[in-house]
Amino acid sequence: SSPAVVDGVVYFGSNDNHLYALDAKTGEEKWKFETGDWVRSSPAVSDCVVYFGSDDNHLYALDAKTGEEKWKFKTGDWVRSSPAVSDCVVYFGSDDNHLYALDAKTGEEKWKFKTGDDVWSSPTVLDGMVYFGSGDNHLYALDTKTGEEQWKFKTGDSVFSSPAVLDGVVYFGGADTHLYALDTK
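Residues numbered from 1 in each chain as written. Predicted model: local features only at pLDDT ≥ 70, side-chain atom pairs only at ≥ 80, totals over all residues. Heavy atoms only, no water.

K.L.:
Got a minute to help me understand the overall build of the chain in this structure?
P.N.:
On a plain count of helices and strands, the chain comes out with 0 helices and 19 strands. Its C-alpha atoms give the chain a radius of gyration of 16 Å, near enough to 16 Å, the size a compact globule of 185 residues would have. Principal-axis analysis of the C-alpha atoms places the extent of the chain at approximately 45 × 30 × 30 Å. Relative to its 185 residues, the chain shows a buried fraction of 54%. Counting only carbon and sulfur atoms, one obtains 47% of the accessible surface of the chain, whose full area is about 8,700 Å². When the 17 basic and 31 acidic side-chain charges of the chain are each reduced to a single mean position, those positions are 2 Å apart. (Helix = DSSP H or I, 4+ residues; strand = E, 2+ residues; numbered from the N terminus. Rg over C-alpha atoms; globule rule 2.2 N^0.38 Å. Buried < 20%, exposed > 50% of the residue type's maximum accessible area, 1.4 Å probe, protein only. Areas by Shrake-Rupley, 256 points an atom, 1.4 Å probe, with all protein chains shown as cover. Lys, Arg positive; Asp, Glu negative; His and termini not counted. Charge placed at Lys NZ, Arg CZ, Asp CG, Glu CD.)

K.L.:
Is there a simple way to think about the packing of aromatic side chains in this case?
P.N.:
Given two aromatic rings, their pairing is described by the distance between the two centres and the angle made by the two planes. Evaluation of the coordinates by the stated rule reveals 18 aromatic pairs. On the numbers, 6.4 Å between centres and 80° between planes, the contact of Phe33 with Phe52 is edge-to-face. Of this pair, Phe33 sits in strand β4 (residues 29-34) while Phe52 sits in strand β6 (residues 49-53); the two residues are 19 residues apart in sequence, bridging distant segments of the chain. Per residue, the accessibility class of Phe33 equals that of Phe52, and both read buried. For the ring pair Phe73 and Phe92, a centre distance of 6.4 Å and an interplane angle of 80° mean the geometry is edge-to-face. Within this pair, whereas Phe73 is found in strand β8 (residues 69-74), its partner Phe92 is found in strand β10 (residues 89-93), the two being separated by 19 residues in sequence. Across the pair, exposure class does not vary: Phe73 and Phe92 are buried alike. One aromatic cluster is present, formed by Phe33, Phe52 and Tyr60 through successive ring pairs. (Phe/Tyr/Trp six-rings, centres within 6.5 Å; stacked < 30°, edge-to-face > 60°.)

K.L.:
When you look at the sheet that holds strand β1 (residues 4-6) in this model, what are you seeing that I'm missing?
P.N.:
Ordered by their spatial adjacency, 4 strands build an open sheet running β1-β2-β3-β4, and the pairing between neighbours is antiparallel. Single-partner strands in this sheet number two, and they are β1 and β4. Here the strands of the sheet are splayed against their neighbours by 15° on average, with no regard to which way each runs. Strand direction decides the pairing type here: strand β2 (residues 9-13) and strand β3 (residues 18-23), joined by 5 bridges, are antiparallel. For Phe12, the partnering residue across the bridge sits in β3 and is Tyr20. (Pairing = 2+ DSSP bridges. Axes fitted to C-alpha atoms, helices over the stretch in contact; angles between N-to-C directions.)

K.L.:
Is there a simple way to explain the pairing of strand β16 (residues 149-154) in this structure?
P.N.:
The side chains of a regular strand alternate between the sheet's two faces. Across 5 bridges, strand β15 (residues 138-143) lies against β16 in antiparallel orientation. When the bridges of β16 are listed, Leu142 appears paired with Glu149.

K.L.:
Help me understand the sheet that holds strand β9 (residues 84-86) in this model?
P.N.:
Strand pairing in a sheet relies on backbone hydrogen bonds, with the paired strands running either antiparallel or parallel. Read across the open sheet, the 4 strands follow the order β9-β10-β11-β12; overall the sheet is antiparallel. On the outer flanks of this sheet lie β9 and β12 (109-114), each paired with one strand and no other. Each neighbouring strand pair of the sheet contributes to a mean axis angle of 15°, computed without reference to strand direction. In this structure, β10 lies alongside strand β11 (residues 98-103), joined through 5 bridges in antiparallel fashion. Note that in β11 the partner of Tyr91 across the bridge is Ala101.

K.L.:
So what exactly am I meant to see when it comes to the pattern of salt bridges here?
P.N.:
Pairs can form between side chains of opposite charge once their charged atoms are near each other. In the structure shown here, the tally under the stated rule is 2 salt bridges. A salt bridge links Arg40 to Asp55, with the shortest nitrogen-to-oxygen separation between them at 2.7 Å. Taken together, the positions of Arg40 in the loop between β4 and β5 (44-46) and Asp55 in the loop between β6 and β7 (58-63) put the pair 15 residues apart, joining distant regions of the chain. We classify Arg40 as partly exposed; its relative accessible area is 32%. Of the residues examined, Asp55 reaches a relative accessible area of 3% and is grouped as buried. A salt bridge links Asp95 to Arg80; the shortest N-O distance between them is 2.7 Å. With Asp95 in the loop between β10 and β11 and Arg80 in the loop between β8 and β9, this residue pair connects regions lying 15 residues apart in the sequence. (Salt bridge = Lys/Arg side-chain N within 4 Å of Asp/Glu carboxyl O.)

Here it is as structure tokens:
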């Protein structure tokens, strides 16, 4: 996974089934947390909690200082998507074809949205919308509160890249070798 660096600590996952927390200056291990499979999902850190997915089909929430598990949420398949945290909600995708929205404090499901294939894309949240891609060749825009589809855009192949949004435009790449720029409306 790609590292997250917050408050002098580097958090990253590994194919040895662990998420690690290292001191950013010394490289000294502060703690490590073992999951049941590889950790490909990049961690997100918010309000002293580290959120990340594992190929053991779970999204985890850990205390950022101690590595102690706060909660975990089971999906139907691998969680390779990296989570996004906004307004006390964690958004992430799973290979079970869903994008999930969970309460960041409790891990309770608020809603889930079914696509036609794996969701490897890491979601981007902005202005009440969550944007993400799917292996079903679409980029989706959902309402963050309800999970209702606002629009979708079909490409020529899978959308595993993570979208970026700026000035009313969502940018993303497709496996069809194109870079797209779409109006967010």
